[in-house]
Amino acid sequence: MYAASREACARSREALRAALTGSDSVAATTGSELFAVVAVLDDQRSLRVALADVSVPGSVRAELSERVFGGKVSPATQAVLTTAVAQDWSRTADLVDTLVLLGQEALLESASDSGRLDAVEDEMFRLGRIISDNPELEQALSDRAKPAEAKRELIGRLLNGKTEPITLTLAEQVVSRQKQPVGVAFDELSDLAAARRDQIVAHVRAAIELSAPQRDRLAASLKRIYGKPIQVHVQVDQSLLSGLVVHVGDDVIDGSAIGRLERLRRSLT
């Protein structure tokens with residue numbers, strides 16, 4: 001985002017924090033309703049352009065949002081939306097993308113309030129791995145020619161009754177409004193959930209499954225390096241032969257046999 005949108009996003013997030021009273025039901029409703037607002041804006045180009053038109057005073061845009069959505073969403077959702085559209089955005093897409101982010105954060109707040117944030121984080125990570133490891137499923141969920149409703153129904157059949165309700169809501173929104181690879185989007189949601197607990201996520205590929213003590217030792221070692229608690233997510237990748245590869249943000253720690261062989265190869269050329 002450009003500077004104007006970054007500032008607008010920050011103010012919108014402040015409005016979300018003010019609107020959520022600590023009740024998981026308020027947060028859950030706000031998150032779901034913000035997703036519904038986004039769906040309307042995605043379908044109605046003229047409306048989303050009008051709500052982000054910086055040539056029109058912010059107060060006028062706020063009044064427009066209240067005329068369109070007033071009485072159709074909760075007061076908390078309307079307060080967040082009114083604040084967001086009153087800001088000056090560098091691009092129309094930045095407004096809509098921020099509403100998506102606010103919906104995600106509201107739902108994760110709800111999961112936190114109900115003590116289910118750990119479960120949602122883990123489910124989002126595992127879902128990302130399942131999709132990345134299943135090309136046919138990934139293709140079905142990524143097919144831009146397929147209606148959004150069909151993709152929501154598919155992910156619903158896969159997850160209904162098997163995950164937290166919030167995980168299902170987040171997943172349905174990801175596949176219906178795809179802006180990046182589905183597996184990547186689920187990884188980012190997992191990271192966003194970890195960030196709410198002031199944790200860093202380490203994505204680990206290991207040649208074999210790590211035992212609980214091994215995971216704990218790895219997390220402790222990474223905590224010493226980064227100075228913050230680390231949530232370790234492990235994916236088995238037998239092509240590594242032995243060892244593991246750790247991704248923390250943009251950092252990569254390659255202790256795999258393949259990595260050592262590649263470094264040896266480069267040293268001999």
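Our structure is the block above this text.
Residues numbered from 1 in each chain as written. Predicted model: local features only at pLDDT ≥ 70, side-chain atom pairs only at ≥ 80, totals over all residues. Heavy atoms only, no water.

What follows is about the side chain of Lys-151. Examined against the element boundaries, Lys-151 turns out to sit in helix α9 (residues 148-159). Buried charge without a salt bridge: Lys-151, with Asp-143 as the nearest opposite-charge side chain at an N-O distance of 6.7 Å. Not counting residues within four places of it along the chain, the set of residues in contact with Lys-151 comprises Ala-140, Leu-141, Ser-142, Asp-143, Arg-144, Lys-146, Val-175 and Gln-178. (Helix = DSSP H or I, 4+ residues; strand = E, 2+ residues; numbered from the N terminus. Buried < 20%, exposed > 50% of the residue type's maximum accessible area, 1.4 Å probe, protein only. Lys, Arg positive; Asp, Glu negative; His and termini not counted. Salt bridge = Lys/Arg side-chain N within 4 Å of Asp/Glu carboxyl O. Contact = heavy atoms within 4.5 Å.)

The next subject is the packing of helix α6 (residues 92-113) against helix α11 (residues 182-196). At a minimum axis separation of 11 Å, α6 and α11 run at an interaxial angle of 55°. Classified by the angle between their axes, α6 and α11 sit oblique to one another. As α6 packs across α11, the resulting crossing turns out to be right-handed. Here Leu-101, Gln-104, Glu-105, Leu-108 and Glu-109 of α6 come into contact with α11, specifically with Leu-189, Leu-192, Ala-193 and Arg-196. In terms of residue class, the contact of α6 with α11 is made up of 5 nonpolar, 1 polar and 3 charged. (Axes fitted to C-alpha atoms, helices over the stretch in contact; angles between N-to-C directions. Parallel < 35°, antiparallel > 145°, perpendicular 65-115°, else oblique. Left-handed = near helix turned anticlockwise from the far one by under 90°. Nonpolar A, V, L, I, M, F, W, Y, C, P; charged D, E, K, R; others polar.)

Another point: the sheet that holds strand β2 (residues 230-236). Sheet architecture is open: 4 strands sit in the order β2-β1-β3-β4, paired in mixed fashion. The strands lining the two open edges of the sheet, one partner per strand, are β2 and β4 (251-254). Strand-to-strand twist across the sheet, computed as the mean angle between neighbouring axes with direction ignored, equals 20°. With 7 bridges connecting them, strand β1 (residues 200-206) and β2 associate as parallel partners. Bridge pairing links His-203 to His-233 in β2. This element, helix α7 (residues 117-132), spans β1 and β2 of the sheet and lies at about 25° to β2. The sheet strands contacting α11 are β1 and β2, and the helix crosses β1 at an angle near 135°. (Pairing = 2+ DSSP bridges.)

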